[in-house]
There are 2 protein chains.
Amino acid sequence: MPRADASRNRRALLDAASAELAAHGLDASIARIAARAGVAKGTVFNHFPSKEDLVAEIFEDRVAGLVAAGERLRDAADPVEALLRFMTAGIELHTRDRSFCQAAGAIPRADPRVRAASERLARTAEELTGRARDSGAVRPDITGHDVVLLFTAAAQAATPLGDTVPDLWRRYLHLIFDGLRADGAHPLPVPAPTTAQFTAAARATPAG
Amino acid sequence: MPRADASRNRRALLDAASAELAAHGLDASIARIAARAGVAKGTVFNHFPSKEDLVAEIFEDRVAGLVAAGERLRDAADPVEALLRFMTAGIELHTRDRSFCQAAGAIPRADPRVRAASERLARTAEELTGRARDSGAVRPDITGHDVVLLFTAAAQAATPLGDTVPDLWRRYLHLIFDGLRADGAHPLPVPAPTTAQFTAAARATPAG
DNA sequence: ACCTGAACACCGTTCAAGT
DNA sequence: ACCTGAACACCGTTCAAGT
């Protein structure tokens, strides 16, 4: 049973971290987050073992929101439209949150919560992808993992021009989506990643 | 006329930075780079105003290599094959160099050398794209800027699984390339970025 | 002219001392 | 049981002192 001020501080820290990360990306400072939450710097490490862990917690929360959005699209009338909407929601998450964009490539998948969130996201993506495949409009060799990696790619393709052309990502989403369609599809040289490969992806090599 | 040891140190620093950045990405430390080059930490700032500037210099050099590769492909027999090869070379640059991957999104375009290099790259891409468009195989609304952003996207899509499935990027390159083809192309909701937009892209907002 | 290494302001993290 | 703020090891950067 946590103390009243402790759970209040924890919430304040998560809110502060969420805002700071969205605005400044992964190099948001612990000092600013603590100040914004109205606690001492040391208190941050009382609630979260490390900055990486705090980021993972926020990341998990964001992904959960996207999973929920995906689940609401499961029963949509047009499965192709539903898949496009899901990818749109995923990209909008990237554009709203600077840190999410960087974290998508850099976060340690070793973290069990991040892995679990990634798995749930891939499962939701696979449900929507399966329906789109079954409709015949999307090529049969595409998986939910592909879809997750590809909307991330579309988001990152447009990121360098994000301040200049804010909706450029729509161009690349639609272009990539054309690549997902069944008609005119050429065979792909490499199979889709397996669930094990998708989730178990190792961390960068430590300094040698 | 620079002193002999000075120009030797400069070369050593560039070589050291090149290796450290490729291995450790943008957070390669100045201390390690200096040690690897056999000079004191302060000497680094004698040759380069800042770490960012040193990174920009390396970045510029890498892009120049890619431009050269693109120019060698200008007279290839099959323009579609040539464009695919160019994009492949671009992605392989990302896979060889951790920092390049991160820098592609994060480097300040304000740096005039980086801007110039980006312009040359876009121009080379446009030449190859133009030939592929004229052949009728690639859709008419695609530009060189699109191609540069899209091979970067393919590289970054596969990055999280880079240690587990090293050639996964080939899957996404070919999938995106299917989206570039003229047959079965759907209209895109947003026009291609202009040269001005591509090069002038502003820097992230400073901390508020 | 250029190199050096001590110094500075920052960062994430730890921990003894408080309540 | 939790909070605090001083302390630590790191980082990029500066600069007086050397040659």
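What you are looking at is a predicted structure, and each value in this text was computed from that prediction instead of being measured. (Residues numbered from 1 in each chain as written. Chains lettered and ligands numbered in written order. Predicted model: local features only at pLDDT ≥ 70, side-chain atom pairs only at ≥ 80, totals over all residues. Heavy atoms only, no water.)

**Remarks on the protein's contact with DNA strand D**
So, step 1. Around DNA strand D lies a shell of 19 residues, among which A:Arg3, A:Asn9, A:Ala40, B:Phe45 and B:Lys51 are the nearest.
So, step 2. At 3.0 Å from a phosphate oxygen of DNA strand D is found a side-chain nitrogen or oxygen belonging to A:Thr43.
So, step 3. Between DNA strand D and A:His47, the relevant distance is 3.1 Å, taken from a phosphate oxygen to a side-chain nitrogen or oxygen of the residue.
So, step 4. Listed by contribution, the elements that provide at least two residues to the surface near DNA strand D are helix 1 (4-24) and helix 3 (41-47) of chain A together with helix 3 (41-47) of chain B.
So, step 5. Among the elements that make up the surface near DNA strand D, the one with the highest residue count is helix 3 of chain A (4 residues). (Near = heavy atom within 4 Å. Polar contact = N/O pair within 3.5 Å; in protein donor to acceptor, adjacent residues only side chain to side chain. Helix = DSSP H or I, 4+ residues; strand = E, 2+ residues; numbered from the N terminus.)

**Structural notes on the packing of helix 1 (residues 4-24) of chain B against helix 2 (residues 30-37) of chain B**
All names here are of chain B.
So, step 1. Two elements in contact, helix 1 and helix 2, have axes separated by 8 Å at closest approach and are oriented at 130 degrees. Between helix 1 and helix 2, the interaxial angle falls into the category oblique. Relative to helix 2, helix 1 is oriented so that their crossing is right-handed. Taking contact as the criterion, the partners of Ala 12, Leu 13, Ala 16, Ala 17, Ala 19, Glu 20 and His 24 in helix 1 are, on helix 2, Arg 32, Ile 33, Ala 34, Arg 36 and Ala 37.
So, step 2. A class-by-class count of the residues in the contact of helix 1 with helix 2 yields 8 nonpolar, 1 polar and 3 charged. (Axes fitted to C-alpha atoms, helices over the stretch in contact; angles between N-to-C directions. Parallel < 35°, antiparallel > 145°, perpendicular 65-115°, else oblique. Left-handed = near helix turned anticlockwise from the far one by under 90°. Contact = heavy atoms within 4.5 Å. Nonpolar A, V, L, I, M, F, W, Y, C, P; charged D, E, K, R; others polar.)

**A word on the environment of B:Arg8**
So, step 1. In this structure, B:Arg8 sits in helix 1.
So, step 2. With a relative accessible area of 55%, B:Arg8 lands in the exposed category. (Buried < 20%, exposed > 50% of the residue type's maximum accessible area, 1.4 Å probe, protein only.)

**Structural notes on the interface of chain B and chain A**
So, step 1. Listed as interface residues are 50 residues of chain B and, on the opposing side, 50 residues of chain A.
So, step 2. Both faces combined, the contact of chain B with chain A buries some 4300 Å², and carbon together with sulfur accounts for 63% of it.
So, step 3. By the criterion of area lost to chain A, the three top residues of chain B are B:Arg171, B:Leu175 and B:Val190, representing 16% of everything that side buries.
So, step 4. In this structure, the connection of chain B to chain A is made through 4 salt bridges.
So, step 5. Summed over the shared surface of chain B and chain A, the result is 14 residue pairs in polar contact (both at pLDDT 80 or more).
So, step 6. Those elements that place two or more of their residues in the side of chain B that touches chain A are helix 6 (98-106), helix 8 (144-158), helix 9 (168-180) and helix 10 (195-200) of chain B.
So, step 7. Ranked by the residues each element gives to the side of chain B that touches chain A, the list is headed by helix 9 of chain B, at 10 residues. (Buried area = accessible area lost by both parts, 1.4 Å probe. Salt bridge = Lys/Arg side-chain N within 4 Å of Asp/Glu carboxyl O.)

**Description of the UniProt feature "domain: HTH tetR-type" (unreviewed entry) in chain A**
So, step 1. UniProt's entry tags residues 7-66 of chain A with the feature "domain: HTH tetR-type" (unreviewed entry), counted in the numbering of this structure.
So, step 2. Counting secondary structure, residues 7-66 of chain A comes out at 82% helix and 0% strand; the distance between its end C-alpha atoms is 26 Å. (UniProt positions renumbered as here; feature names shortened; annotations may be inferred.)

**Description of the protein's contact with DNA strand C**
So, step 1. Taken together, 19 residues surround DNA strand C, and among them A:Phe45, A:Lys51, B:Arg3, B:Asn9 and B:Ala40 come closest.
So, step 2. Sugar plus phosphate: this is where 63% of the atoms of DNA strand C within 4 Å of the protein reside.
So, step 3. A distance of 3.0 Å separates a phosphate oxygen of DNA strand C from a polar backbone atom of A:Ile30.
So, step 4. Contact distances for DNA strand C include 3.1 Å between a phosphate oxygen and a side-chain N or O atom of B:His47.
So, step 5. Among the elements of the structure, helix 3 of chain A together with helix 1 and helix 3 of chain B are those that each provide at least two residues to the surface near DNA strand C.
So, step 6. Counting residues per element, the surface near DNA strand C draws most heavily on helix 3 of chain B, which supplies 4 residues.
So, step 7. When its residues are assigned to classes, the surface near DNA strand C shows 7 nonpolar, 8 polar and 4 charged.

**Topic: the relation of the copies chain B and chain A**
So, step 1. When chain B is brought onto chain A, the operation consists of a screw motion whose angular component is 180 degrees and whose axial shift is 0.0 Å, with 0.0 Å RMSD remaining. Here the two chains are linked by the operation of a two-fold rotation axis. Every residue of chain B has its C-alpha some distance from the rotation axis, and the shortest such distance is that of B:Gly179, at 2.0 Å.
So, step 2. A high fraction, 100%, of the interface residues of chain B reappear at the interface in chain A, so the copies pair face to face through one surface. (Least-squares fit on C-alpha atoms with pLDDT ≥ 70 in both.)

**Some words on the domain arrangement of chain A**
All names here are of chain A.
So, step 1. Domains assigned within chain A are domain 1 (1-48) and domain 2 (50-204).
So, step 2. One C-alpha centre belongs to domain 1, the other to domain 2, and the line joining them spans 28 Å.
So, step 3. Each side of the interface is counted separately: domain 1 has 17 residues, and domain 2 has 14 residues.
So, step 4. Here domain 1 packs against domain 2, burying approximately 1300 Å² in sum over the two surfaces, 68% of which is carbon and sulfur.
So, step 5. A salt bridge links Arg 10 to Glu 57, with the shortest nitrogen-to-oxygen separation between them at 2.5 Å. (Domains from an automatic or database assignment.)

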